Protein chains: 2
Amino acid sequence: MSTRAGIVVTGTEVLSGWISDRNGPWVSQRLRETGVEVAHLTVCGDRPDDLLAQLCFLADQKVDLIVTTGGLGPTADDLTVATVAEFSGRDVVRDATMAQTIESVIRNWRKYSDDLPSSIVASIEKQALIPEGAEAIPPTGTAPGVAVPATDELPAVLVLPGPPRELRSMWPAAMQTGPVVRALTDRVPAILQTIRAYGLSEPDLAVSLTEAQKTVDGFDSLEITTCMRGGELEISTQFTENAASAYDALAAFLVERHSDRIYATDGSQIDDLLIAGLAGRTIVTAESCTGGLVAARLTDRAGSSAYMLGGVVSYSNDVKTGAIDVPAEMIAEHGAVSEQVARAMAEGVAAHLHADVAISTTGIAGPGGAVPGKPVGTVCISIAVAGRKTITVTRHFRGDRRQVRELTVDAAMHLAVDALADATR
Amino acid sequence: MSTRAGIVVTGTEVLSGWISDRNGPWVSQRLRETGVEVAHLTVCGDRPDDLLAQLCFLADQKVDLIVTTGGLGPTADDLTVATVAEFSGRDVVRDATMAQTIESVIRNWRKYSDDLPSSIVASIEKQALIPEGAEAIPPTGTAPGVAVPATDELPAVLVLPGPPRELRSMWPAAMQTGPVVRALTDRVPAILQTIRAYGLSEPDLAVSLTEAQKTVDGFDSLEITTCMRGGELEISTQFTENAASAYDALAAFLVERHSDRIYATDGSQIDDLLIAGLAGRTIVTAESCTGGLVAARLTDRAGSSAYMLGGVVSYSNDVKTGAIDVPAEMIAEHGAVSEQVARAMAEGVAAHLHADVAISTTGIAGPGGAVPGKPVGTVCISIAVAGRKTITVTRHFRGDRRQVRELTVDAAMHLAVDALADATR
């Protein structure tokens, strides 16, 4: 049987939905990459009773390892270490090395005289407490992590801080602690493969998977999950080495049935295909409804200055006419949200900024702005490629303002990849 | 005692960290707004045993209501209804009204002849099954929700679909179902107030809260959570009506101690203050390292065309010189990341796009690009306000590329608000 783990994310701010949890998904991915099956992820507030109940639940579920995040700060509501100690039936003891480490981190941040303020001393003393017999993990901030060994009855517990940067930088050391290494000895490395499609619905995929179940040998050894993300459908499959041929058969089956929708079987994202499609050409943007989101997407990756020159956010009509030469009469005749204007924006920005390729968007993101024949969600997207006929489309997206803007960015990325593929034929 | 609830988010794609959970936080906020205390949020994969274990755990924790999201689709791995039925000791029965509703939704999407394909019929029949004695909630997509009544031993269970848009549109009807109304009769409405600060550290706030605990009457009746979000610190406090004076005392205490850092006590965000500060003036952007994120932020809100004209993403030096007149000699002498260039960008874009106010950013987001004296994270931000001296600063942010870009957007928003306040003095 494979190694099972549970993750406990602590923090009233996460439980209350005030912030989204960045640690649970990250830890889950890291564990799965090393072949650990994550069975449960739980979130609790800053109440020790609730945390203790979740730890006991995970122990009842016979997980081999529990990873907790958060609750290691200097304040009184940071109770994870004390609660984990109670859970594992251990006293807390002062770790002198950690106390020294934390003090030097703090002195490195601020200049203090020899005597630290009493509030700082209290913080250090609190954060230097660990369950007896546990292994401390040196902090990146001021909170050390803790690895508590498993016993015959209880799983190992890895206690990590909440700030994502601290947690991530401490992860490699945490994975090397004795309690974690011993808890993970039985693991079977898992392989994760992802197929990405655009414009394929989940129900259509479900029909195909039902067919595949009948025809693909070893289908049941594949753990398949599907996920819509904007206009994209991601099909992720997890399997062990001995099911690799079953996965290959599944992938071939899906590609055959949905060749027009599946755009990557090797984990590539549309951003990768766009960069490849540019093949050294430069790109710029002219955005109205997306207001900079396409440009932000194109500058998201390190090294993007190799192909991305910049863009114009032509939100007002004056900027459309003044900065990228969209004729005012054209806007008056067809409206700012029209294929004519989208095309003029793309060609205008390419000319103005001297680029080989241009993406433009103009649409009605809502909630207001609808006009007869152009409901909220109407978006025109245009791709100009030097030496080619400009490609322009109109799409109708459903959703709120944020969703329409996001779906537009996805659609623009895909249309650009298609246009570049056409242009190289 | 207040009403307690648990939330169960299902889906291997969430548990695995492949997508971030948008439903848990949303449901949690809605429940808290109506005075329900969310005690636990759990995430499980598509395995019925794990889901059943989480439902039993929440029942053991004596919650009054369980809300589940996801697992209502037409495919074989969508097992929530069957598992909830097992949990509540009920058989599943066919709901004829729901079967009709789902069929009409599907026929509305696609034209089918009278006889539906057998795969579609199977989907409809599966999605029309509900636990005996439960109340069905009409679907927005094809998946009905279900409200299962509480018993003496078991909490009420509200079963909702996974797609966020479906869940959100079905929420009002779900809150009106008999099982939910009865489960929530004991609730005490809670008040949530938020104070926002910029440039205040969590440890400094912790010291203040420790002081407040000694001096503010009724402090212990306030549930305070703090949360860093980029460069901003959010202090959220939840309390019932009878603790309102304690909250007022706390807010006054914090404002007095951190008047230079706290920018809003009424829940306003910096975006609100910027719009107020503009007071009818227009704004544009010139962005290098943020690549469109500031413009996207300024066009994030409905109605932003009233003040936001547009902007230029001057990612390459040629766009800086060609589109917004940054002198090439200035870039050669001081570097693209310099206060001189930031100022020229802000003033240049304001002039070119005929705006009253301009924000510019130029910096090294990393991971590459550092030069001697300008490490990764060095960012220059400039705010030009018509008729005023342009304000320009250099900041050094820590973090990865994404963090540096986000911290730059936050800093630019705050600097703009400060500059507009100065300009009105």
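Residues numbered from 1 in each chain as written. Chains lettered and ligands numbered in written order. Predicted model: local features only at pLDDT ≥ 70, side-chain atom pairs only at ≥ 80, totals over all residues. Heavy atoms only, no water.

Going by what an unreviewed UniProt entry lists, chain A is known as CinA-like protein and is assigned to Gordonia humi. The record held by UniProt for chain A lists under Sequence similarities (unreviewed entry) the comment "Belongs to the CinA family." (UniProt positions renumbered as here; feature names shortened; annotations may be inferred.)

Colleague: Outline the packing of helix α3 (residues 48-60) of chain B against helix α4 (residues 80-87) of chain B, supporting the account with residue identities and numerical values.
Modeller: Residues and elements named next belong to chain B. Axis separation between α3 and α4 bottoms out at 10 Å; the angle between their running directions is 45 degrees. Judged by the inter-axis angle, α3 sits oblique to α4. By crossing handedness, the relation of α3 to α4 is classed as right-handed. The segment α3 lies against α4, with Pro48, Leu51, Leu52, Leu55, Cys56 and Ala59 engaging Thr80, Thr83, Val84, Glu86 and Phe87. Looking at the contact of α3 with α4 residue by residue, the classes come out as 8 nonpolar, 2 polar and 1 charged. (Axes fitted to C-alpha atoms, helices over the stretch in contact; angles between N-to-C directions. Helix = DSSP H or I, 4+ residues; strand = E, 2+ residues; numbered from the N terminus. Parallel < 35°, antiparallel > 145°, perpendicular 65-115°, else oblique. Left-handed = near helix turned anticlockwise from the far one by under 90°. Contact = heavy atoms within 4.5 Å. Nonpolar A, V, L, I, M, F, W, Y, C, P; charged D, E, K, R; others polar.)

Colleague: Residue-level account of the relation of the copies chain B and chain A, with values.
Modeller: For these two chains of identical sequence, chain B goes onto chain A by a turn of 180 degrees and a shift of 0.1 Å along the axis, with RMSD 0.1 Å. In symmetry terms, the pair is related by a two-fold rotation axis. Taken as a fraction of all interface residues of chain B, those also at the interface in chain A reach 100%, which identifies the copy contact as same-surface. (Least-squares fit on C-alpha atoms with pLDDT ≥ 70 in both.)

Colleague: So what about the interface of chain B and chain A? Which residues, and what values?
Modeller: Listed per partner, the contact involves 78 residues of chain B and 78 residues of chain A. Summed over both partners, the interface of chain B with chain A comes to about 6,200 Å²; 53% of that surface belongs to carbon and sulfur atoms. At the junction of chain B with chain A, the criterion picks out 6 salt bridges. For B:Arg47, the salt bridge is made with A:Glu223, and the minimal N-O distance between the two is 3.2 Å. For the pair chain B and chain A, the number of links is 30 residue pairs in polar contact (both at pLDDT 80 or more). The element that contributes the greatest number of residues to the side of chain B that touches chain A is strand β2 (residues 37-44) of chain B, accounting for 8 residues. Taken together, the residues of the side of chain B that touches chain A sort by class into 29 nonpolar, 29 polar and 20 charged. Pairing analysis gives 5 bridges linking strand β14 (residues 308-314) of chain A to strand β14 (residues 308-314) of chain B, with the strands arranged antiparallel. By the bridge assignment, A:Gly311 is partnered in β14(B) with B:Val313. (Buried area = accessible area lost by both parts, 1.4 Å probe. Salt bridge = Lys/Arg side-chain N within 4 Å of Asp/Glu carboxyl O. Polar contact = N/O pair within 3.5 Å; in protein donor to acceptor, adjacent residues only side chain to side chain. Pairing = 2+ DSSP bridges.)

Colleague: Any details on the sheet that holds strand β10 (residues 223-229) of chain B? Residues and values, ideally.
Modeller: Residues and elements named next belong to chain B. Spatial strand order, β10-β11-β9-β12: 4 strands in an open sheet with antiparallel pairing. For this open sheet the edge positions go to β10 and β12 (262-264), each flanked by a neighbour on one side alone. Taken over all neighbouring pairs, the strand axes of this sheet differ in orientation by 30 degrees on average, direction set aside. Strand direction decides the pairing type here: strand β9 (residues 191-198) and strand β11 (residues 232-239), joined by 8 bridges, are antiparallel. Bridge pairing in β11 places Ile191 opposite Phe239. The strands touched by helix α9 (residues 202-215) within the sheet are β10 and β11, with β10 carrying the most contacts at an inclination of about 165 degrees.

Colleague: Describe in detail the layout of surface pockets, supporting the description with residues and values.
Modeller: Where empty space is left becomes clear once a probe the size of a water molecule has been rolled over the atoms. There is about 500 Å³ of room inside the second largest pocket. Lining the second largest pocket are 26 residues; nearest its centre among them are A:Ser305, B:Val337, B:Gly363, B:Ile364 and B:Gly369. Every element with two or more residues in the lining of the second largest pocket is listed here: α13 (317-324) and β15 (357-363) of chain B. (1 Å grid on protein atoms, 1.4 Å probe; cavity = no way out; pocket = protein on both sides within 12 Å on 5 of 7 lines; lining within 4 Å. Points joined across faces, edges and corners; volume = space filled by probe spheres on them.)

Colleague: Any details on empty space enclosed by the protein? Residues and values, ideally.
Modeller: With the rule as written, the count across this model stands at 5 cavities of 30 Å³ or more. Reported here for the largest cavity is a volume of approximately 180 Å³. Lining the largest cavity are 17 residues, with A:Asp21, A:Leu41, A:Val43, B:Asp21 and B:Val43 positioned closest to its centre. Within the residue set of the lining of the largest cavity, elements represented by two or more residues are α2 (23-33) and β2 (37-44) of chain A together with α2 (23-33) and β2 of chain B. Grouping the constituent residues of the lining of the largest cavity by class yields 10 nonpolar, 5 polar and 2 charged.

Colleague: Got a sec to walk through the packing of aromatic side chains? Specific residues and values, please.
Modeller: All names here are of chain A. The full count for this structure, using the stated rule, is 5 aromatic pairs over all chains. An angle of 15 degrees between the planes, with centres 4.9 Å apart, marks the rings of Phe239 and Tyr247 as stacked. For Phe239, a relative accessible area of 5% translates into the label buried. The lysine or arginine in question, Arg30, covers the ring of Trp26, its NZ or CZ lying 4.8 Å from the ring centre. (Phe/Tyr/Trp six-rings, centres within 6.5 Å; stacked < 30°, edge-to-face > 60°. Buried < 20%, exposed > 50% of the residue type's maximum accessible area, 1.4 Å probe, protein only. Lys NZ or Arg CZ within 6 Å of the ring centre and 35° of its normal.)

Colleague: How would you summarise helix α5 (residues 96-109) of chain B if you had to cite specific residues and measurements?
Modeller: All names here are of chain B. For α5, which comprises 14 residues, the first-to-last C-alpha distance of 20 Å matches the rise-based estimate of 20 Å (1.5 Å per residue) to within 8%. Buried within α5 are the following residues: Met98, Ala99, Ile102, Val105 and Ile106. All buried residues of α5 fall inside an arc of 125 degrees around its axis, so they share one side. Among the exposed residues of α5, those oriented more than 90 degrees off its buried face are Thr97, Gln100 and Asn108. Buried residues belonging to α5 abut β4 (92-94), α6 (118-127) and β6 (135-137). Between the side-chain oxygen at the start of α5 and the backbone nitrogen of Thr97 there is a gap of 3.1 Å, and the oxygen is on Asp95. (Expected span 1.5 Å × (residues − 1). Arc of directions from axis to C-beta.)

Colleague: An account of the pattern of salt bridges is needed here, citing residue identities and associated values.
Modeller: Tallied over the entire structure, the rule returns 28 salt bridges over all chains. A salt bridge links A:Asp410 to A:Arg297; its shortest N-O distance comes to 3.3 Å. You can see A:Asp410 sitting in helix α16 (residues 401-424) and its partner A:Arg297 sitting in helix α12 (residues 293-298), a full 113 residues away along the chain. For A:Asp410, a relative accessible area of 10% puts it in the buried group. The class of A:Arg297 is partly exposed, set by a relative accessible area of 21%. Measuring nitrogen to oxygen at the nearest pair gives 3.0 Å for the salt bridge that ties B:Glu103 to B:Arg107. Linking B:Glu103 with B:Arg107, this pair stays in helix α5, spanning 4 residues, or about one helical turn. With a relative accessible area of 29%, B:Glu103 lands in the partly exposed category. Looking at B:Arg107, the relative accessible area reads 25%, which means it is partly exposed. When salt bridges with common partners are traced through the structure, they connect A:Arg4, A:Arg32, A:Glu37, A:Glu223, B:Arg47 and B:Asp50 into a single cluster.

Colleague: I'd like to hear about the pairing of strand β10 (residues 223-229) of chain A, residue by residue, with values.
Modeller: Residues and elements named next belong to chain A. Sheet topology note: the β10/strand β11 (residues 232-239) ladder contains 7 bridges and is antiparallel. From the neighbouring strand, Glu223 faces β11, where its bridge partner is Gln238. The hairpin formed by β10 and β11 contains 2 residues between the paired strands, and Gly230 there has a positive phi angle of roughly 65 degrees.

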